[in-house]
Amino acid sequence: MNSDKIEYFAHPTCIIEKPCQIGGGTRIWCWSHIMVGAVIGHNCNIGDHVYIENDVIIGNGVKIKNNIALYSGVVCEDDVFLGPNCVFTNVLTPRSFIERKNEIRQTIVRKGATIGANSTVVCGHTIGRYAMVGAGSVVTKNVPDYTLVVGNPAKFHAYVCKCGVVLDKNLECRRCGKKYHKINDDIVSCDNTEEL
C-alpha cells in the first residue's frame, strides 16, 4: 500500500497550522496542536493533548501517547514509542525573562527506541536504536543502542532485544531467539538485519 496516496486523519478538535508535513495514514487525536514547520511521517499515531512545535521531525510509524509536548530540536526516527506524559526539554538553563532560542539543543531518539511513561529526557542527548527508557526515568546522558536505562538519573539496567525483551547473560533473547554480541562497548545483532 502506498502511503503517499492516503490522507492523514485529524480529529475535529485538533489545531494543525500550515505549512507543515503530515504523512499518509497518520492519525491525530483530540486536542492536539501541530505547529508550522513540523514534519510528521506516515502511519504515526498521535494521542490526545499532544503539542508538536515547529522544527520537530517525526519519522514513520511513531506512536506518541497522550499529554506529550515535543519542542523544537526533538527528532524521533522511525518506529519510536513515546509513553504517556514523557517530557522533552530543549534548553539547559531556561529563564522566562531571557530569550534563549539560539541555545536550543537537539535531542535524537533513534529508530525503534521506547521512552517510558512519565520519563524526562534532558536536551542534547541521543537515545540509541531500540533502546528503552524505563517509566519515570530521567535521562541526563546518551543511551546506547539496545540498552535499558532506569532511575533518576537513568543508569544502565540491562541489554534489550529489538523485540523489547531483556537479553540473557549470553546476549540472547528468550522470546524471539535473536542473538547479539559486543563490539567494544556496543551491542550489535549477530545477523545484522533489521527484521525480527
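1. Overview of the sheet that holds strand S1 (residues 9-10)
Link 1 in the chain: With respect to topology, nine strands assemble into an open sheet ordered S1-S4-S7-S10-S13-S16-S19-S21-S22, the strand pairing being mixed. Looking at the sheet topology across the chains shown, the edges are occupied by S1 and strand S22 (155-159).
Link 2 in the chain: Pairing of strand S19 (residues 132-133) with strand S21 (residues 147-150), which is carried by two bridges, proceeds in the parallel orientation. By the bridge assignment for S21, Val 133 is matched with Val 149.

2. Here's the deal with the pairing of S22
Link 1 in the chain: With four bridges connecting them, S21 and S22 associate as antiparallel partners. Following the sheet pairing, Thr 147 is matched in S22 by Tyr 159.
Link 2 in the chain: Counting the residues that bridge the hairpin from S21 to S22 gives four residues, and of these Gly 151 lies at a positive phi of roughly 100 degrees.

3. Quick word on the pairing of strand S24 (residues 186-189)
Link 1 in the chain: Here S24 shows a buried face lined by Ile 187 and Ser 189 and an unburied face lined by Asp 186 and Val 188.
Link 2 in the chain: Note: strand S23 (residues 180-183) against S24, four bridges, orientation antiparallel. Within the sheet, the bridge partner assigned to Tyr 180 lies in S24 and is Ser 189.
Link 3 in the chain: The loop that links S23 with its antiparallel partner S24 comprises two residues; one of these, Asn 184, has a positive phi angle of about 55 degrees.

Reading the values: rules and limits
- Residues numbered from 1 in each chain as written.
- Predicted model: local features only at pLDDT ≥ 70, side-chain atom pairs only at ≥ 80, totals over all residues.
- Heavy atoms only, no water.
- Pairing = 2+ DSSP bridges.
- Helix = DSSP H or I, 4+ residues; strand = E, 2+ residues; numbered from the N terminus.
- Buried < 20%, exposed > 50% of the residue type's maximum accessible area, 1.4 Å probe, protein only.

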